[in-house]
Amino acid sequence: MMKALIPALRGWGVAGSDIHHESFGPQTSAPSPMPAAPGPALAIGFRWSGRTLDWLAQDTNLLDFAERHLIAVDAGCRSGGCGTCETRLISGRVVYATKPDHDIAPGFCLLCVGTPATNLELDA
Ligand code: FES
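Our subject in this report is the structure included herewith. (Residues numbered from 1 in each chain as written. Predicted model: local features only at pLDDT ≥ 70, side-chain atom pairs only at ≥ 80, totals over all residues. Heavy atoms only, no water.)

1. Here's the deal with the packing of aromatic side chains
Under the counting rule described, the total for this entry stands at two aromatic pairs. Arranged with centres 6.1 Å apart and planes meeting at 20 degrees, the rings of F46 and F65 form a pair that is stacked. A residue pair is termed long-range when its members are at least 10 positions apart, and F46 in strand 1 (residues 42-46) and F65 in helix 2 (residues 62-68) qualify at 19 residues. We note that F46, like F65, is buried. Their ring planes at 50 degrees and their centres at 5.2 Å tell us that W55 and F65 sit as a pair that is tilted. Separated by ten residues along the polypeptide, W55 in strand 2 (residues 51-55) and F65 in helix 2 bring together distant segments of the chain. On the basis of relative accessibility, which here comes to 0%, the residue F65 falls in the buried class. Linked through ring pairs, F46, W55 and F65 together constitute an aromatic cluster. (Phe/Tyr/Trp six-rings, centres within 6.5 Å; stacked < 30°, edge-to-face > 60°. Helix = DSSP H or I, 4+ residues; strand = E, 2+ residues; numbered from the N terminus. Buried < 20%, exposed > 50% of the residue type's maximum accessible area, 1.4 Å probe, protein only.)

2. Details of the nonpolar core
Membership of the largest hydrophobic core comes to 21 residues, with the highest contact counts inside it found for I44, F46, L62, V73, L111, L120 and L122. Of all the secondary-structure elements, those providing two or more residues to this core are strand 1, strand 2, helix 2, strand 5 (108-110) and strand 7 (120-122). Looking at this core element by element, the count peaks at four residues for helix 2. (Core = buried A, V, L, I, M, F, W, Y, C linked by side-chain atoms within 4.5 Å.)

3. Comments concerning the pairing of strand 3 (residues 86-91)
Each regular strand carries side chains that alternate between the two faces of the sheet. Here strand 3 runs beside strand 5; their pairing, made up of three bridges, is antiparallel. When the sheet's bridge partners are listed, T87 is paired in strand 5 with C109. Both strand 3 and strand 7 contribute to a ladder of two bridges, which runs antiparallel. When the sheet's bridge partners are listed, L89 is paired in strand 7 with L122. (Pairing = 2+ DSSP bridges.)

4. Observations regarding unusual backbone geometry
Despite not being glycine, L70 has its phi angle at roughly 60 degrees, a positive value. You can see L70 is positioned in the loop between helix 2 and strand 3.

5. Overview of the pairing of strand 1
Looking at chain direction, strand 1 and strand 2 are connected through five bridges and run antiparallel. Bridge assignment links G45 to a residue of strand 2, and that residue is T52. Following strand 1, the chain reverses through four residues before pairing antiparallel with strand 2; G50 in that reversal takes a positive phi of roughly 70 degrees. The sheet contact formed by strand 1 and strand 7 spans three bridges and is parallel. Paired with I44 across the bridge in strand 7 is L120.

Written as structure tokens, this is what we have:
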């Protein structure tokens, strides 16, 4: 229903910032992560936490990665809809398997559905 309603609201002229929604249920509704690129591990820096960690092929998204390493980050829907996990991207590039529902502010990324395309420096 949300996949139909949100584009319809936008089509009727409702600003993206005025559309709020939540998703409930298993994470199976989240987009599939991008396949990991072969080659050396990517370095993911968390500036506020003062840690730099290696992104491994089995890592699925930046939110799970941060939590697995006990980096404190906020999260809500875990599927790209609410924007709670939106984090400032200091350097690097994050990719998404599908376009998240939440409109990402310039210079930020969504941890819950994002995967690194390059080494990253995050403000977390
Ligand atoms: S937790 Fe909701 S968009 Fe990431």
